[in-house]
Amino acid sequence: AQSVAQPEDQVNVAEGNPLTVKCTYSVSGNPYLFWYVQYPNRGLQFLLKYITGDNLVKGSYGFEAEFNKSQTSFHLKKPSALVSDSALYFCAVSFDRGSTLGRLYFGRGTQLTVWP
Amino acid sequence: DAGVIQSPRHEVTEMGQEVTLRCKPISGHNSLFWYRQTMMRGLELLIYFNNNVPIDDSGMPEDRFSAKMPNASFSTLKIQPSEPRDSAVYFCASSSTLGLAGGRDTGELFFGEGSRLTVL
């Protein structure tokens, strides 16, 4: 069965410090991995994705994520956190199923709080 | 591009009433998804369409829920009769194939702002 785990419900970090939001996955076949961010009372916004190629993926707002196949992980990182990064972050996975459609499986989300 | 448009943004209704949520996907997108978000259950996929055809409705909670996509630019999610446990934020999202080998949809979704439903 396909699944995504975000082991931390909350992550707290001081502004200017590096941040990491963790994600592990389980899929049948090659994974396509995504990070989305949700600000209060808003829809989810796409941050970045891994499809193939370099394991380190760079995305919006200075975020990046590293695909680690052996550890089945796709952790989200940022070298220097901003207070405005405070939001709910979702990891999601799809996978190559040889058809024209692949649904996304979302984690439960991690609330990131960056304090000044 | 206007993005995915959902209406209404907020709906308060009484138990037993019919609720209809509406979605206009991004023009040119051929996949449409309905999600429900609650504190208890997180983000749940209810149903998704490809080229206006329902592909997987296994997430629809029960027969009180129905979804239609009569054309490429419009979809509805209907709850009849509504119950207090249906209170949630309902999101619509759309996507398109990215032109990769085999025309696979790799799942980058564009979400609407959501419809917050409260059933009293």
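Being a predicted model, the structure only gives us computed values, none of them experimental.

Novice: Looking at this model, I keep getting lost on the overall build of chain A. Mind explaining?
Specialist: The number of helices and strands found in chain A is 0 helices and 12 strands. Written out in order from the N terminus, the α and β elements of chain A read β-β-β-β-β-β-β-β-β-β-β-β. In terms of overall size, chain A behaves like a compact globule, its C-alpha atoms giving a radius of gyration of 14 Å where 116 residues would be expected to give roughly 13 Å. Taken along its principal axes, the extent of the C-alpha atoms in chain A is 45 × 30 × 25 Å. The buried share of chain A, reckoned over its 116 residues, is 47%. Sequence separation of at least 24 residues holds for 57% of the intrachain contacts in chain A that already meet a minimum separation of 6.

Novice: What should I look at first to understand the packing of aromatic side chains in this one?
Specialist: For any pair of aromatic rings, geometry is given as the distance between the ring centres together with the angle between the planes. Scanning the model with the defined rule gives 14 aromatic pairs over all chains in all. An angle of 20° between the planes, with centres 4.2 Å apart, marks the rings of Y50 of chain A and F67 of chain A as stacked. One end of the pair, Y50 of chain A, is in strand β6 (residues 44–50); the other, F67 of chain A, is in strand β8 (residues 64–68), and 17 residues separate them in sequence. Comparing Y50 of chain A with F67 of chain A shows no difference in burial state: the two are buried. Centroid distance F106 of chain A to Y35 of chain B: 5.5 Å. Interplanar angle 90°. Geometry classified as edge-to-face. Of this pair, F106 of chain A sits in strand β11 (residues 105–106) while Y35 of chain B sits in strand β4 (residues 31–38), which puts the two residues in different chains. Taken as a pair, F106 of chain A and Y35 of chain B share a single burial class, namely buried.

Novice: Looking at this structure, how should I read the pattern of salt bridges?
Specialist: For side chains bearing opposite charge, pairing can occur when the charged atoms are close. Taken as a whole, this structure holds 11 salt bridges over all chains when the rule is applied. With a shortest N-O distance of 2.8 Å, E64 of chain A and K58 of chain A are connected by a salt bridge. K58 of chain A sits in the exposed class, given a relative accessible area of 62%. Linked by salt bridges that have partners in common, E62, R64, E83, R85 and D86 of chain B make up one network.

Novice: Got a minute to help me understand the nonpolar core in this structure?
Specialist: What tends to happen in soluble globular proteins is that the nonpolar side chains get buried as a cluster. W35, L47, L48, F74, L76 and Y89 of chain A are the most contacted members of the largest nonpolar core, which totals 29 residues. Sorting the residues of this core by element identifies β2 (10–14), β3 (19–21), β5 (31–38), β6, β8, β9 (73–78), β10 (87–95) and β12 (110–115) of chain A as the ones contributing at least two each. Of all the elements, β10 of chain A adds the most residues to this core, at 5 residues. When residues no more than four places from it in sequence are discounted, the contact partners of L47 of chain A are W35, Y36, V37, G59, S60, Y61, F63, L76 and Y89 of chain A. Core analysis: the second largest hydrophobic core is formed by 21 residues, L21, I26, M60 and F65 of chain B among them.

Novice: Help me out: how do you make sense of the state of the cysteines in this one?
Specialist: Cysteine pairs can be covalently joined through their sulfur atoms, and such a bond is termed a disulfide. Residues and elements named next belong to chain A. The full count for this structure, using the stated rule, is 2 disulfides over all chains. With its sulfur 2.0 Å from that of its partner, C23 forms a disulfide with C91. Between C23 and C91 the disulfide shows an S-S torsion of about -65°. By sign, it is left-handed. With a gap of 68 residues between them, C23 in the loop between β3 and β4 (24–26) and C91 in strand β10 connect regions that are remote in the sequence. Taking the relative accessible area as the measure of exposure, C23 reaches 0% and is therefore buried. Note on C91: relative accessible area 1%, which makes it buried.

Thresholds, definitions, all that
- Residues numbered from 1 in each chain as written.
- Chains lettered and ligands numbered in written order.
- Predicted model: local features only at pLDDT ≥ 70, side-chain atom pairs only at ≥ 80, totals over all residues.
- Heavy atoms only, no water.
- Helix = DSSP H or I, 4+ residues; strand = E, 2+ residues; numbered from the N terminus.
- Rg over C-alpha atoms; globule rule 2.2 N^0.38 Å.
- Buried < 20%, exposed > 50% of the residue type's maximum accessible area, 1.4 Å probe, protein only.
- Contact = heavy atoms within 4.5 Å.
- Phe/Tyr/Trp six-rings, centres within 6.5 Å; stacked < 30°, edge-to-face > 60°.
- Salt bridge = Lys/Arg side-chain N within 4 Å of Asp/Glu carboxyl O.
- Core = buried A, V, L, I, M, F, W, Y, C linked by side-chain atoms within 4.5 Å.
- Disulfide = S-S within 2.5 Å.

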